[in-house]
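# Working through the structure, step by step
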Amino acid sequence: PGSMTTSNNLTITSPTDETLTDKTPITVSGKASPNATVVILYEKGEVVATADSTGAFTASVPLEGGYNTLTITSVDTNGNQSTQTLTITYSTQKV
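First, a word on what this report is: a plain description of the structure on this page. (Residues numbered from 1 in each chain as written. Predicted model: local features only at pLDDT ≥ 70, side-chain atom pairs only at ≥ 80, totals over all residues. Heavy atoms only, no water.)

## A closer look at the pairing of strand E8 (residues 81-90)
Sheet topology places strand E2 (residues 19-21) next to E8; three bridges connect them, and they run parallel. The residue bridging Leu20 from the neighbouring strand is Thr89, located in E8. Relative to E8, strand E7 (residues 66-75) is paired through ten bridges, and the arrangement is antiparallel. Bridge pairing in E8 links Thr71 to Thr85. (Pairing = 2+ DSSP bridges. Helix = DSSP H or I, 4+ residues; strand = E, 2+ residues; numbered from the N terminus.)

## Here we look at the pattern of salt bridges
In total, this model carries one salt bridge according to the counting rule given. In this structure, the salt-bridge partner of Lys23 is Asp22, at a minimum N-O distance of 3.3 Å. Residue classification places Asp22 among the partly exposed positions, given a relative accessible area of 48%. (Salt bridge = Lys/Arg side-chain N within 4 Å of Asp/Glu carboxyl O. Buried < 20%, exposed > 50% of the residue type's maximum accessible area, 1.4 Å probe, protein only.)

## A look at the nonpolar core
By size, the foremost hydrophobic cluster in this structure holds 21 residues, and its most contacted members are Val28, Ile40, Phe57, Val61, Leu70 and Ile72. Counting only elements with at least two residues in this core, the list comes to strand E3 (26-31), strand E4 (37-42), strand E5 (45-50), strand E6 (56-61), E7 and E8. Apart from residues lying up to four places away in sequence, Ile72 is in contact with Leu10, Ile12, Val28, Val38, Val39, Ile40, Phe57, Ser82, Thr83, Gln84 and Leu86. (Core = buried A, V, L, I, M, F, W, Y, C linked by side-chain atoms within 4.5 Å. Contact = heavy atoms within 4.5 Å.)

## Description of the sheet that holds E4
Read from one edge to the other, the open sheet built from five strands follows the order E2-E8-E7-E4-E5, with strand pairing classed as mixed. Taken across any chain shown, the strands that pair with only one partner, and hence form the sheet edges, are E2 and E5. Along the sheet, successive strands turn relative to each other by an average axial angle of 25°, direction set aside. (Axes fitted to C-alpha atoms, helices over the stretch in contact; angles between N-to-C directions.)

## Focus: the environment of Tyr90
Locating Tyr90 in the fold gives a position in strand E8. Taking C-alpha positions, Tyr90 is 9.4 Å from Ile26, a pair spaced 64 residues apart along the chain. Every residue in contact with Tyr90, bar those within four places of it in the chain, is listed here: Thr21, Asp22, Lys23, Thr24, Leu63, Glu64, Gly65, Gly66 and Asn68.

## Notes on the environment of Glu18
As for its placement among the helices and strands, Glu18 is situated in the loop between strand E1 (11-14) and E2. Sequence separation between Glu18 and Thr87 is 69 residues; the distance between their C-alpha atoms is 5.1 Å.

## Considering the sheet that holds E3
Spatially, three strands are ordered E1-E3-E6 in an open sheet, and the strand pairing comes out antiparallel. Sheet topology places E1 and E6 at the edges, where each strand pairs with a single neighbour. Across the sheet, the mean angle from the axis of one strand to that of its neighbour is 30°, orientation sign disregarded. Sheet topology note: the E3/E6 ladder contains six bridges and is antiparallel. Residue pairing for E6: Ser29 is matched across the bridge by Thr58.

Next comes the structure, spelled out in structure tokens:
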């Protein structure tokens with residue numbers, strides 16, 4: 001019998017929390033459980049991505065000026081959820 005995963009792991013590889021960027025949209029990428037549904041809530045809506053058979057996912061998320069709170073939730077095929085929250089600051093000002 002194959003191994004069974006009971007928890008849904010979520011790792012965000014990019015961007016890191018507290019990122020300061022001058023680009024929008026920002027690409028959110030990471031790993032979740034294979035074929036998990038990944039929902040990214042942002043200031044003005046949500047983006048839904050599906051992880052591939054290795055668990056990798058990528059989504060393009062538009063940013064508002066200033067602080068943006070991104071709440072990333074993955075739900076695996078068994079219904080297990082895992083959530084991470086990132087704060088991204090979008091500014092076109094020179095730093």
